[in-house]
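Overview (structure and organization)
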Amino acid sequence: MDNLLNSDETYDLESRPSEERIDRSNTDTGCSTQSGDLYRYSRTNSETSAYSETTDENNGSSPFWAVTKPKSKSQAVLTRMAMKQPTHVAAEKPDSQEVIDLELEMMKERFSKLLLGEDMSGSGKGVCTAVAISNAITNLYATVFGQCYRLEPLSQEKKSMWAREMDCLLSVCDYILEFIPSSQNFKDGTTLEVMSSRPRSDIYINLPALQKLDNMLLDVLDSFEKTEFWYADERNLASNSYTSSSGSFRRVIQRKEEKWWLPVPGVPPGGLSEKSKKQLQHKRECANQILKAAMAINGSILAEMEVPETYLISLPKSGRVSLGDTIYKYMCTPERFSPDNLLDCLNITSEHEALEIADRVEASMYVWRRKACINHSKSSWDMVKDFMADGDKNATLATRAESSLLCLKQRYPELSQTTLDTSKIQYNKDVGQAILESYSRVLESLAFNIVAWIDDVLYVDNSIKPPNQMKKA
């Protein structure tokens, strides 16, 4: 890990850049939304976990999903589903029968909640399994990281909870398989082609990558054990200075009003040392590359999800109605179309406005695609003539709308999820895609927060410098 954080090597992970804070929230999946700096980037959040309760790390082994008939209860708790512990979490062993029984009851409760689809009445009105697991991952993230506002190592108790319960949820992927052809060699030299199973391709590729990013983010947090900067609670500050418990006088910069709930970073009077600043910059770059990778995986999973029928039904009959006359006229221009010029003409001033335009452009794109497909399905000569007149136009407009949407997302990389994306998460029934999407989303949120926290410390350090030093920097 020292090599990861201290070397000058950068990670070349292809994805979108991210620099600013945004609030991605999706309440359609059944999770409550909490406002806070931690959730400024998270798209589905919950203040308390319906799946996770805080447990004492000394209470014993991890819970599990499926239990075969073991010879004893202790063997039951320590079977796989007695999960693989990550390297950064020490294995825990039950020290009494009472602890084993407690873990077993806890496992039964959580397993029941998933089976019931979060409907405790048992009347079958709960959400599907995919949404239930997605919500469970989101709620677990809120439970473990919901009160993390500082650059400091995660407590061992929370780290154990995160590793233990994520391993339970991810164990479902062990049974999502696909068959691939393979050959089997016999002793007589003959070869027989057989079908063998392996994890489904999207899980086989993305899940190990997400687990690696998870470990890297925890390692980044662990590296902030001894730092030159510190934190002061804004509520306890009466001036721009603060005396720590050790008696040392340090400078504190008052935080802007929009971040009033966050602890304020403090630095020594002379600012951070060059070595400390260089390490912070490197850690920021690492976290930013992790953020890009998580965003890329999340975007690819959302793109593979089926478009819900409810979304298609809600689309307007005309793409012009969705876009408005101004954007529609620009897209219909016979001259060469440029999505960059279109966005420049719109003069977008806020993220909310950008998201609204993205929703309208995406809706019109699907309207024109659907019309183009309908024209393709007609067979009479009159319909063929109609297709020559209108079909090409619909296909062209759909292509232009798609390029405009892509350009908009590239210009605003931290843009919240569109209406289509939230609909896909809400109505998705593929368990594997639900796990990958929610896992990448919460890692994306954590990585974004780490980048923002580092930016806060660097901002405070630059703010206490004399103007002449700031110009030299």
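These numbers come from a predicted model, not from an experiment.

1. Examining the overall build of the chain
Each helix and strand in the chain was counted, giving 16 helices and 6 strands. For the chain, with 473 residues in total, the buried portion stands at 47%. In the chain, 74% of the contacts between residues at least 6 apart in sequence involve partners at least 24 apart.

2. Details of the nonpolar core
Formed by 60 residues in total, the largest nonpolar core has its most connected members in Phe145, Leu151, Trp162, Phe229, Tyr439 and Ile450. For this core, the secondary-structure elements that each account for two or more residues are α4 (129–145), α5 (156–170), α6 (201–222), α7 (274–304) and α15 (431–463). The greatest single-element share of this core, amounting to 15 residues, is contributed by α15.

3. Focus: α4
Given a rise of 1.5 Å per residue, 17 residues ought to cover 24 Å, and the 24 Å separating the end C-alpha atoms of α4 matches this to within 8%. For α4, the tally of buried residues reaches 16 of 17 residues, placing the bulk of the element in the interior.

4. Considering helix α11 (residues 339–346)
By the burial criterion, the buried members of α11 are Pro339, Leu342, Leu343 and Leu346. The buried residues of α11 occupy an angular sector of 95° when projected down its axis, which confines them to one face.

5. Examining the pairing of strand β1 (residues 177–185)
Pairing of β1 with strand β2 (residues 191–199) involves 9 bridges; the strand directions are antiparallel. Residue pairing for β2: Leu177 is matched across the bridge by Pro199. Where β1 hands over to β2, the hairpin turn is made up of 5 residues, of which Gly189 adopts a positive phi near 95°.

6. Re the side chain of Ser134
Tracing the backbone through its elements, the reader meets Ser134 in helix α4. Classification of Ser134 by relative accessible area gives buried; the value is 4%. In this view, Ser134 contacts Ala434, Glu437, Ser438 and Arg441; residues no more than four positions away in its chain are not counted.

7. Some words on unusual backbone geometry
Phi is mostly negative for residues that are not glycine, and the peptide bonds are mostly trans. Its identity is not glycine, yet Glu118 carries a phi of approximately 65°, on the positive side. Residue placement: Glu118 occurs in the loop between α3 (97–115) and α4. Accessibility expressed as a relative area gives 34% for Glu118, which makes it partly exposed. At Asn347, a position not held by glycine, the phi torsion is positive, near 55°. Tracing the backbone shows Asn347 in the loop between α11 and α12 (351–377).

8. Some words on the packing of aromatic side chains
Tallied over the entire structure, the rule returns 8 aromatic pairs. Arranged with centres 5.2 Å apart and planes meeting at 80°, the rings of Phe145 and Trp162 form a pair that is edge-to-face. Taken together, the positions of Phe145 in helix α4 and Trp162 in helix α5 put the pair 17 residues apart, joining distant regions of the chain. Each residue in the set Tyr141, Phe145 and Trp162 is aromatic and connected to the rest through ring pairs, giving one cluster. Above the plane of the ring of Tyr204 lies Arg198, whose end atom (NZ or CZ) is 4.8 Å from the centre.

9. Brief notes about the packing of α4 against α15
Each packed pair of helices is defined by two parameters, the angle between the axes and the distance between the axes. Two elements in contact, α4 and α15, have axes separated by 8 Å at closest approach and are oriented at 20°. Between α4 and α15, the angle is such that the two are roughly parallel. The crossing of α4 and α15 is right-handed. Residues Thr129, Ala130, Ile133, Ser134, Ile137, Thr138, Tyr141 and Phe145 of α4 form the contact with α15, whose own contacting residues are Val431, Ala434, Ile435, Glu437, Ser438, Tyr439, Arg441, Val442, Ser445, Leu446 and Asn449.

10. A short note on the packing of α6 against α7
Interaxial distance between α6 and α7 falls to 10 Å at its minimum, and their mutual angle equals 150°. On the basis of their axis angle, the class for α6 and α7 is roughly antiparallel. Two packed elements cross with a definite hand, and for α6 against α7 that hand is left-handed. Residues Asp202, Asn206, Ala209, Leu210, Leu213, Met216 and Leu217 of α6 lie in contact with α7, whose contacting residues are Ile290, Ala293, Ala294, Ile297, Ile301 and Glu304.

11. As for the confidence of the model for the chain
For the chain, the average pLDDT comes to 75, and 69% of its residues sit at 70 or higher. Note on residues 1–94: pLDDT is under 50 here. Beyond four places in sequence and across chains, it has 275 contacts. Scored below 50 in pLDDT, residues 234–253 shows 41 contacts in the model against residues more than four places distant or in partner chains.

12. Remarks on the environment of Ala293
Along the polypeptide, Ala293 turns up in helix α7. Remark: the alpha-carbon pair of Ala293 and Ser440, spanning 147 residues in sequence, is separated by 8.9 Å.

13. Some words on the pattern of salt bridges
Tallying each qualifying case throughout the model produces 12 salt bridges. One salt bridge in this structure joins Arg198 and Glu178, with 3.3 Å as the shortest N-O distance. Of this pair, Arg198 sits in strand β2 while Glu178 is found in strand β1, placing the two residues 20 residues apart along the sequence. A salt bridge links Asp430 to Arg200, with the shortest nitrogen-to-oxygen separation between them at 2.9 Å. Here Asp430 is found in the loop between α14 (419–427) and α15, whereas its partner Arg200 is found in the loop between β2 and α6, with 230 residues between them in sequence. On the basis of relative accessible area, Arg200 is assigned to the buried category, the value being 19%. Taken together, the shared-partner salt bridges connect Arg200, Asp202 and Asp430 into one network.

Rules of the game
Residues numbered from 1 in each chain as written. Predicted model: local features only at pLDDT ≥ 70, side-chain atom pairs only at ≥ 80, totals over all residues. Heavy atoms only, no water. Helix = DSSP H or I, 4+ residues; strand = E, 2+ residues; numbered from the N terminus. Buried < 20%, exposed > 50% of the residue type's maximum accessible area, 1.4 Å probe, protein only. Contact = heavy atoms within 4.5 Å. Core = buried A, V, L, I, M, F, W, Y, C linked by side-chain atoms within 4.5 Å. Expected span 1.5 Å × (residues − 1). Arc of directions from axis to C-beta. Pairing = 2+ DSSP bridges. Phe/Tyr/Trp six-rings, centres within 6.5 Å; stacked < 30°, edge-to-face > 60°. Lys NZ or Arg CZ within 6 Å of the ring centre and 35° of its normal. Axes fitted to C-alpha atoms, helices over the stretch in contact; angles between N-to-C directions. Parallel < 35°, antiparallel > 145°, perpendicular 65-115°, else oblique. Left-handed = near helix turned anticlockwise from the far one by under 90°. pLDDT = per-residue confidence, 0-100. Salt bridge = Lys/Arg side-chain N within 4 Å of Asp/Glu carboxyl O.

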